[in-house]
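Remarks on the overall topology
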2 protein chains.
Amino acid sequence: MDKLVEAIRKFDNPSVVGLDPTIALLPPQLFAGAREIVGDIDTVKGRALWAAMVNAKFLEFNRSIINAVKDIVPAVKVQIAMYEALGPAGMMAYVETCRAAHEAGLHVIGDIKRGDIGSTAAAYAYHLSGIPRPNSEIFQAFDLSGGASENTSQCKCLADDERDEGKPDASREELGFFPWYEDSVTVNPYLGTDGIAPFVDAAQQADKDIFVLVRTSNPSSDEFQELMSDNDQRVYEHVADKVMQWGSDSVGDEGFSRVGAVVGATHPRVGASLRARMPRAMFLIPGYGAQGGTASDVAAMFDVHGEGAIVNSSRGIIGAWRKDPAYNSALSIEDSLQLVGMNARRAALDMRDALNTALKERS
Amino acid sequence: MDKLVEAIRKFDNPSVVGLDPTIALLPPQLFAGAREIVGDIDTVKGRALWAAMVNAKFLEFNRSIINAVKDIVPAVKVQIAMYEALGPAGMMAYVETCRAAHEAGLHVIGDIKRGDIGSTAAAYAYHLSGIPRPNSEIFQAFDLSGGASENTSQCKCLADDERDEGKPDASREELGFFPWYEDSVTVNPYLGTDGIAPFVDAAQQADKDIFVLVRTSNPSSDEFQELMSDNDQRVYEHVADKVMQWGSDSVGDEGFSRVGAVVGATHPRVGASLRARMPRAMFLIPGYGAQGGTASDVAAMFDVHGEGAIVNSSRGIIGAWRKDPAYNSALSIEDSLQLVGMNARRAALDMRDALNTALKERS
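Criteria and cut-off values
Residues numbered from 1 in each chain as written. Chains lettered and ligands numbered in written order. Predicted model: local features only at pLDDT ≥ 70, side-chain atom pairs only at ≥ 80, totals over all residues. Heavy atoms only, no water. Helix = DSSP H or I, 4+ residues; strand = E, 2+ residues; numbered from the N terminus. Contact = heavy atoms within 4.5 Å. Areas by Shrake-Rupley, 256 points an atom, 1.4 Å probe, with all protein chains shown as cover. Pairing = 2+ DSSP bridges. Axes fitted to C-alpha atoms, helices over the stretch in contact; angles between N-to-C directions. Buried < 20%, exposed > 50% of the residue type's maximum accessible area, 1.4 Å probe, protein only. Right-handed = clockwise from strand over helix to strand, strands pointing away. Expected span 1.5 Å × (residues − 1). Patch = residues over 30% accessible without salt bridge, like charges linked within 9 Å, V, L, I, M, F, W, Y side chains within 5 Å. Salt bridge = Lys/Arg side-chain N within 4 Å of Asp/Glu carboxyl O. Lys, Arg positive; Asp, Glu negative; His and termini not counted. Charge placed at Lys NZ, Arg CZ, Asp CG, Glu CD. UniProt positions renumbered as here; feature names shortened; annotations may be inferred. Polar contact = N/O pair within 3.5 Å; in protein donor to acceptor, adjacent residues only side chain to side chain. Parallel < 35°, antiparallel > 145°, perpendicular 65-115°, else oblique. Left-handed = near helix turned anticlockwise from the far one by under 90°. Nonpolar A, V, L, I, M, F, W, Y, C, P; charged D, E, K, R; others polar. Core = buried A, V, L, I, M, F, W, Y, C linked by side-chain atoms within 4.5 Å. pLDDT = per-residue confidence, 0-100. Phe/Tyr/Trp six-rings, centres within 6.5 Å; stacked < 30°, edge-to-face > 60°. Lys NZ or Arg CZ within 6 Å of the ring centre and 35° of its normal.

1. A short note on the overall build of chain A
- Scanning chain A for helices and strands turns up 17 helices and eight strands.
- For chain A, the proportion of contacts with a sequence separation of at least 24, taken over those separated by at least 6, is 77%.
- Counting only carbon and sulfur atoms, one obtains 50% of the accessible surface of chain A, whose full area is about 13,800 Å².

2. A word on the sheet that holds strand S8 (residues 309–313) of chain B
Residues and elements named next belong to chain B.
- The strand order around the closed barrel formed by eight strands is S1-S2-S3-S4-S5-S6-S7-S8, and the pairing between neighbours is parallel. Each strand axis lies, on average, 30° off the axis of its neighbour in the sheet, ignoring direction.
- Relative to strand S4 (residues 184–187), strand S3 (residues 107–114) runs parallel, the two being bridged by three bridges. Among the inter-strand pairings, Ile-109 is bridged to a residue of S4, identified as Ser-184.

3. With respect to the pairing of strand S5 (residues 209–215) of chain B
All names here are of chain B.
- Here S5 lies mainly inside the structure; seven of its seven residues are buried.
- The parallel pair S4 and S5 is bridged by helix H11 (residues 193–206), and the resulting crossover is right-handed.
- Judged from the five bridges that link them, S5 and strand S6 (residues 259–263) form a sheet pairing that is parallel. Across the sheet, Arg-215 pairs through a bridge with Val-263, a residue of S6.

4. Notes on H11(B)
Residues and elements named next belong to chain B.
- Taking 1.5 Å of rise per residue, 14 residues should cover 20 Å, and H11 covers 20 Å from first to last C-alpha, within 8% of that figure.
- Those residues of H11 lying buried are Asp-194, Gly-195, Ile-196, Pro-198, Phe-199, Val-200, Ala-202, Ala-203 and Ala-206.
- Once H11 ends, the next one or two residues include Asp-207, with phi positive near 55°.

5. So, a negative patch on the surface
- Negative charge collects at one region of the surface, where Asp230(A), Asp232(A), Asp230(B) and Asp232(B) lie side by side.
- Structurally, the position occupied by Asp230(A) is in the loop between helix H12 (222–225) and helix H13 (235–246).

6. Quick word on the UniProt feature "active site" (unreviewed entry) in chain A
Residues and elements named next belong to chain A.
- Under the feature "active site" (unreviewed entry), the UniProt entry names Lys-113.
- You can see Lys-113 is positioned in strand S3 (residues 107–114).
- We classify Lys-113 as buried; its relative accessible area is 10%.
- Of note is the side chain of Lys-113, whose polar atom sits 2.8 Å from the side chain of Asp-111.

7. Focus on the packing of helix H3 (residues 44–69) of chain B against helix H17 (residues 333–361) of chain B
All names here are of chain B.
- In the contact formed by H3 and H17, the axes pass within 8 Å of each other and the chain directions differ by 45°. Classified by the interaxial angle, the pair formed by H3 and H17 is oblique. You can see that H3 and H17 cross each other, and the crossing is right-handed. Contacts from Glu-60, Phe-61, Ser-64, Ile-65, Ala-68 and Val-69 in H3 reach Ile-333, Leu-337, Val-340, Gly-341, Ala-344, Arg-345 and Ala-348 in H17.
- Among the residues forming the contact of H3 with H17, the class breakdown is nine nonpolar, two polar and two charged.

8. Some remarks on the nonpolar core
- In this structure, Ile210(A), Met278(A), Phe283(A), Ile210(B), Met278(B) and Phe283(B) are the most contacted members of the largest nonpolar core, which totals 224 residues.
- Look past the residues within four positions of Phe283(B) in its chain and what remains in contact with it is Phe211(B), Ala261(B), Val263(B), Gly271(B), Leu274(B), Arg275(B), Met278(B), Met301(B), Gly308(B), Ala309(B) and Ile310(B).

9. Let's talk about the sheet that holds strand S5 (residues 209–215) of chain A
Residue and element names in this part refer to chain A.
- Around the barrel, eight strands lie side by side as S1-S2-S3-S4-S5-S6-S7-S8; this closed barrel has parallel pairing. Strand-to-strand twist of the sheet, defined as the mean angle between neighbouring strand axes without regard to direction, takes the value 30°.
- Most of the contacts of helix H5 (residues 90–103) go to S3, to which it runs at about 150°, and overall it touches strand S2 (75–79) and S3.
- Contacts between helix H11 (residues 193–206) and the sheet are confined to S3, strand S4 (184–187), S5 and strand S6 (259–263), with S5 contributing the most and set at about 145° to the helix.

10. Section: the packing of H3(B) against helix H5 (residues 90–103) of chain B
All names here are of chain B.
- Look at H3 against H5: their axes get within 9 Å of each other, and the N-to-C directions meet at 15°. Relative to H5, H3 is oriented roughly parallel. In this structure, H3 meets H5 at a crossing whose hand is right-handed. Taken together, the residues of H5 that come into contact with H3 (itself represented by Asn-55, Leu-59, Asn-62, Arg-63 and Ile-66) are Gly-90, Met-92, Ala-93, Glu-96, Thr-97, Ala-100 and Ala-101.

11. Focus: the side chain of Ser336(A)
- Here Ser336(A) is to be found in helix H17 (residues 333–361).
- Not counting chain neighbours up to four residues away, the residues in contact with Ser336(A) comprise Pro27(A), Gln29(A), Leu30(A) and Leu331(A).

12. Focus on the confidence of the model for chain A
- With 88% of its residues at a pLDDT of 70 or more, chain A shows a mean pLDDT of 89.
- Note that residues 141–173 of chain A has pLDDT below 50 and, in this model, 42 contacts with residues that lie over four places away or in other chains.

13. Looking at the pattern of salt bridges
All names here are of chain B.
- In this structure the tally under the stated criterion is 40 salt bridges over all chains.
- Between Glu-84 and Arg-114 there is a salt bridge, with the nearest N and O atoms lying 3.6 Å from each other. Of this pair, Glu-84 sits in helix H4 (residues 80–84) while Arg-114 sits in strand S3; the two residues are 30 residues apart in sequence, bridging distant segments of the chain. Per residue, the accessibility class of Glu-84 equals that of Arg-114, and both read buried.

14. As for the pairing of strand S8 (residues 309–313) of chain A
All names here are of chain A.
- Most of S8 is tucked away, with five of its five residues classed as buried.
- Neither face of S8 is exposed, since Ala-309, Val-311 and Ser-313 on one face and Ile-310 and Asn-312 on the opposite face are all buried.
- Note: strand S1 (residues 15–18) against S8, three bridges, orientation parallel. The partner of Val-16 across the bridge, within S8, is Asn-312.
- Taken together, the three bridges between strand S7 (residues 283–285) and S8 define a ladder with parallel strand orientation. If you follow Leu-284 over to S8, its bridge partner there is Ile-310.

15. Regarding the packing of aromatic side chains
- Per the counting criterion, the structure on display carries 12 aromatic pairs over all chains.
- Their ring planes at 40° and their centres at 5.9 Å tell us that Phe31(A) and Trp50(A) sit as a pair that is tilted. Here Trp50(A) lies in helix H3 (residues 44–69) and Phe31(A) lies in the loop between S1 and helix H2 (34–38), a separation of 19 residues in the sequence.
- On the basis of relative accessible area, Phe31(A) is assigned to the buried category, the value being 2%.
- Measuring from ring centre to ring centre gives 6.0 Å for Phe58(A) and Tyr83(A), while their planes differ by 90°; the resulting arrangement is edge-to-face. Within this pair, whereas Phe58(A) is found in helix H3, its partner Tyr83(A) is found in helix H4 (residues 80–84), the two being separated by 25 residues in sequence. When sorted by exposure, Phe58(A) lands in the same class as Tyr83(A), which is buried.
- Sitting over the ring of Phe283(B), Arg275(B) keeps its end group 4.1 Å from the ring centre.

16. Looking at H13(A)
- Between the first and last C-alpha of H13(A) there are 16 Å, a value that for 12 residues agrees with the 16 Å anticipated at 1.5 Å per step.
- Counting buried residues along H13(A), nine of its 12 residues qualify, which places the element largely inside the surrounding structure.

17. Structural notes on the environment of His102(A)
- On the secondary structure map, His102(A) appears in helix H5.
- With residues up to four places along the chain from it excluded, the contact list for His102(A) reads Val108(A) and Tyr181(A).

Given below as structure tokens:
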């Protein structure tokens, strides 16, 4: 987590902007003319055009936010569900959003909440460690059927400008291909250690991080997470202890392991006790703002140095333009996106200041 | 679950084929010539070609399996992680696999194990209920910016053959677009009721089903699932009781609700007690074969009529060709895929017979 800690310090801002677009969160003028372009929605072509259009609009909207906040926030959290809601084509907007944020220098948290048995978790962990390179083991297999190995000289014929710009470093190359552009991902713990270990391994290999769901922000999260077990520990406390254990081999220079914890802003007392219980875990705190968590609620989830946590706000920032009286439906697309960005920036600055004030006011 | 129960009866076969391909599970000749086609893997183009190729090969492999088993098994389970492992482009092979199985008349279980807070779970639940149609609420928004509403007549200019073949029925149309082709999906319960309710609602609207993780098959699944709570019930038993509650409004003619349960074959005693505890839940049983569960292990998870459960096997069926002495690397692509299909069929028939024998032998 060293890189994330450094980014938080650099901006003096322990907050994350959640890039979770929905059609309702976009200024309607982004869809002006959509009906003509899409044509008949009851055709395969119409649907494909609609999916492509919403994808493009999500990306355009997200870029406005990224440009408006990239010099004041350290990180974004991209909720993959909002893109998966567009069907398989939505994955491109997810990836391009992650890429745009990555290229703007932001830490990219992929909120994917994956969880499965070991062999399957290993496949999901490619989000972090990349897709394996075929020319090591897999291209060898092709040679079984003969002939393929002789004809590799064509690689050298490619012009240099066809090669990647901004070459990744060598160790990154060895790992594989990185189609997702995430620096960390969220993971669900219900399956236990062998569902988490592949993510920890991948994070270690690729110098990345994970955040394990410990105590979520939603109203019914107490149903299973708060169950009291026979050793007087609640389920989420068992998960917290495992988080510490899973991260024990990867504590960085800043004192935090590669295994962080998701702890909802809506549980301030629990959050404070978890802070003590997981001293080596960076907290990712959702539930601020729209879900009800306040700056003073989350202040107790930071360590004595005012570090060790990063707070997410999604709708409160990306939807802030909707409360701006300067918005009206006659604005051009460009002007409406500028309004989106300006409001996002103002909301992000307010959040930063509210968090820093609450941290200073802690007794 | 009525449709799934009927399909199981029709084939007298309570088993599911898991379509979870990996590169290692495909005959190497499928990749003959790949090196020439891909060219330099260290270019954007090379990587895109590689992703497209693996996608196409996964689909080709899956189609061979589907064609070989479609008249003997009622369902397939498609593990989305194996496709997500190819990056965003992999989603197309996932969808096309689901579509091929759907078009072959198979019940398609999307093994997606999604779980999140309510608003986010609602986005994931589009897997079942479809993407909302823009021309109801959303196209209206476009009219804010004027002009778009007048120009809809072009829809009528489209030739009939541009419209969907095999028109979905009216109620399906009203729901939205169905890009995923799943009949049911798996869901993670860690976030409690408000993470599950959107899936239940979507299933109800679209006449589909869900399977909630209760007791998974993997070795470390006991870490949290087996914790004993202070009312002498284990965590998975609390989840089981919620599964019954979540399904209480959707019990079908066959006696099963839309909310099924994932219970691993590797826990036979637990499975038998869960059978009694969740009489209205269809069980989806992973962990048979490769993970160690046997036919007699799972027999006790069926009800007194020998129904109420469906058992998955993935590698045991799709990888059966690897033990066939008739395989050799000189086989053509076509012959190797035929071998894949033949072996899958034989393994699926063996599994069906083993399950039915074990069900008959139950005392």
